[in-house]
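Residue-level listing of the chains:
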Amino acid sequence: MPSSALLPSLWPRGRRRPSWFAPKVLRTEVLGGLVVALALIPEAISFSIIAGVDPAIGLFASFTMAVTIAIVGGRPAMISAATGAVALVIAPLNREHGFGYLVAAVILGGVFQIVLGGLGVARLLRFIPRSVMVGFVNALAILVFLAQVPELRDVPWAVYPLVAAGLALMVFFPKVTTVVPAPLVSIVILTTITVAAGIAVPTVGDKGALPSALPVPGLPDVPFTMDTLTTVAPYAFAMALVGLMESLMTAKLVDDITDTPSSKTRESVGQGVANIVTGFFGGMGGCAMIGQTMINVKVSGARTRLSTFLAGVFLMVLCIVFGPVVSEIPMAALVAVMVMVCFATFDWHSIAPKTLKRMPVGETTVMVVTVACVVATHNLAVGVVAGSVTAMVIFAKRVAHLAEVTAVTDPDHTTVVYRVTGELFFASSNDLVGQFNYATDPDRVVIDLSAAHIWDASSVAALDAIETKYAQRGKKVEITGLNDPSAHLHGKLSGELAAGH
């Protein structure tokens, strides 16, 4: 009897089996997790150096983040581990106050993320425009590529043909079979070649010593005083915001790739829980990783929590049990994998001449601003905020002119009716006051707002100013056609916004 026929009997009746229980899916998840674990090792070591801590700290953080988020996270198959964004935020704290304060910041940052998640910060994601999302994805691809450039400078000539061979394997091997992920095949083959032929090239072992034992839980070595809290809190809050922004944006990207929804609130809280666990195990904290997530989802085809969980487990097994073997993996093999990820991640359609011709200039500008800010600062949060603000300014400028005013005077010249069409808010209402003929209009003025909507106090103030200007000339203004929300806002604020109130 085939093994697949036995699987249903291994799961209790009446309980829903997890999606990874099918043999084909299980193989994909296991191999995907293994490839991600191999790719995590040099990244975690590099981020540890940025944060100014021992390489084992970054590897421990990647292990605990991946394993924890696989259970409590809201986006299946997304990889969370130690990241450069978090390392950059907490590095000054470690440099100025020591490692104990860094760990305390990671734990407090996790608490902040849980609170922000509970307050519904994930709902803010709906205000991020598509052009910012495209810029975010393209900037990530560029950053991942730029991170590989140092591995190609001042290295033995053999590195370049190895990278080329790795890329060729990942392009052509899937045409033969997709049973085994091409990145894993590339890593195994290139490692075998370099070891068997004795080719001297930089290896994973050159990045730093791998841990030889599992992390042990404990409390941060800091005085539990108010001074410590005030020192740690700003870094913890910055870490919480950066980590959530990266994680939620990456989760949205995975949603689009897999065409499946995810709980952003659960992901926000899950990131907090994962960072708290990581902090108590002496890790440097982290968030979602776009590069490794793309390896898992787009290259390996993984779709469940199992791949994320196994990525963390395999990471520790590879370090502790197979450390000497993993240390021999040439960096060229991992560089080839990450370069392939860059090409797969970048939205090439967004910069195609045909697309650029059709796309509004404002949309392209927002994308370029997002990419430029991320690449310049190496901070995804800065790019997303800058892109979103740019999009808002362009949108406000665009809709500011959408409020139109047309005037009709009755035959006996006793009444003029102004019909206002469009959305009235702080940008569009600024020009409203100047569109009326105060001196020449008859004594009775009707302002018809049946085709308009009042959104804010600026619009109410503008209408009050119009009434005042007519009143100074002895003319009466009647406002009609207000819908219920507009009438409520106008009734509550009209006459209360002048100076002195």
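Residues numbered from 1 in each chain as written. Predicted model: local features only at pLDDT ≥ 70, side-chain atom pairs only at ≥ 80, totals over all residues. Heavy atoms only, no water.

*Asks:* Explanation requested: the overall build of the protein chain in the structure shown.
*Replies:* If you tally the helices and strands in the protein chain, you get 19 helices and six strands. In summary, the protein chain has a C-alpha radius of gyration of 29 Å against a globular reference of 23 Å for 501 residues, an excess of more than 25%. Counting only C-alpha atoms, the protein chain reaches 100 × 60 × 60 Å along its principal axes. Looking at the protein chain residue by residue over its 501 residues, the buried ones come to 51%. Sequence-distant contacts in the protein chain: of pairs separated by 6 or more residues, those separated by 24 or more amount to 82%. As presented, the protein chain carries roughly 23200 Å² of accessible surface, and 66% of it is formed by carbon and sulfur atoms. Where the 32 positive side-chain charges of the protein chain centre and where its 31 negative ones centre are 11 Å apart. (Helix = DSSP H or I, 4+ residues; strand = E, 2+ residues; numbered from the N terminus. Rg over C-alpha atoms; globule rule 2.2 N^0.38 Å. Buried < 20%, exposed > 50% of the residue type's maximum accessible area, 1.4 Å probe, protein only. Contact = heavy atoms within 4.5 Å. Areas by Shrake-Rupley, 256 points an atom, 1.4 Å probe, with all protein chains shown as cover. Lys, Arg positive; Asp, Glu negative; His and termini not counted. Charge placed at Lys NZ, Arg CZ, Asp CG, Glu CD.)

*Asks:* Explain the layout of surface pockets to me, please; I cannot follow it from the model alone.
*Replies:* Rolling a probe over the atoms, with the probe sized like a water molecule, indicates the empty space that remains. Its boundaries defined by the atoms lining it, the largest pocket holds a volume of some 750 Å³. Residue lining of the largest pocket: 31 residues in total, with Glu43, Phe47, Gly84, Leu143 and Ala147 positioned closest to the centre. For the lining of the largest pocket, the secondary-structure elements that each account for two or more residues are α2 (23-51), α4 (84-97), α6 (130-148), α11 (290-299) and α14 (331-345). A class-by-class count of the residues in the lining of the largest pocket yields 19 nonpolar, eight polar and four charged. (1 Å grid on protein atoms, 1.4 Å probe; cavity = no way out; pocket = protein on both sides within 12 Å on 5 of 7 lines; lining within 4 Å. Points joined across faces, edges and corners; volume = space filled by probe spheres on them. Nonpolar A, V, L, I, M, F, W, Y, C, P; charged D, E, K, R; others polar.)

*Asks:* Help me understand the nonpolar core, please; the structure alone is not making it clear to me.
*Replies:* Nonpolar side chains in soluble globular proteins tend to be buried together. The biggest cluster of nonpolar side chains holds 99 residues, and the ones touching the most others in it are Ile41, Leu59, Ile90, Phe136, Met284, Ile295 and Leu315. Per-element accounting of this core gives the leading share, 12 residues, to α2. Excluding residues that lie within four positions of it along the chain, Ile41 makes contacts with Leu59, Val204, Leu210, Leu315, Leu318, Cys319 and Val326. Residues Val405, Val416, Ala452 and Leu489 belong to the second largest nonpolar core, which totals 24 residues. (Core = buried A, V, L, I, M, F, W, Y, C linked by side-chain atoms within 4.5 Å.)

*Asks:* Just to check I follow, could you spell out the packing of helix α18 (residues 457-471) against helix α19 (residues 484-493) for this structure?
*Replies:* Packed helices, taken two at a time, are described by the angle their axes make and the gap between the axes. One can describe the packing of α18 onto α19 by two numbers: an axis separation of 10 Å at closest approach and a directional angle of 65°. Crossing of α18 over α19 shows right-handed handedness. Mapping the contact onto sequence places Ala457, Val460, Leu463, Asp464 and Glu467 in α18 and Leu489, His490 and Leu493 in α19. Residues of the contact of α18 with α19, tallied by class, amount to five nonpolar, one polar and two charged. (Axes fitted to C-alpha atoms, helices over the stretch in contact; angles between N-to-C directions. Left-handed = near helix turned anticlockwise from the far one by under 90°.)

*Asks:* In this structure, what is going on with the sheet that holds strand β6 (residues 476-480)? I would like to understand it.
*Replies:* Strands pair in a sheet through their backbones, by hydrogen bonds, and they do so in one of two ways: parallel or antiparallel. Taken in spatial order, the four strands of this open sheet run β3-β4-β5-β6, and their pairing is mixed. Whereas interior strands pair on both sides, the edge strands pair on one side only; in this sheet they are β3 (404-409) and β6. Direction aside, neighbouring strands of the sheet carry axes that sit 20° apart on average. Looking at chain direction, β3 and strand β4 (residues 415-424) are connected through six bridges and run antiparallel. Bridge pairing links Thr406 to Arg419 in β4. Strands in contact with α19 are β5 (444-454) and β6; relative to β5, the strand with the most contacts, it is inclined by about 120°. (Pairing = 2+ DSSP bridges.)

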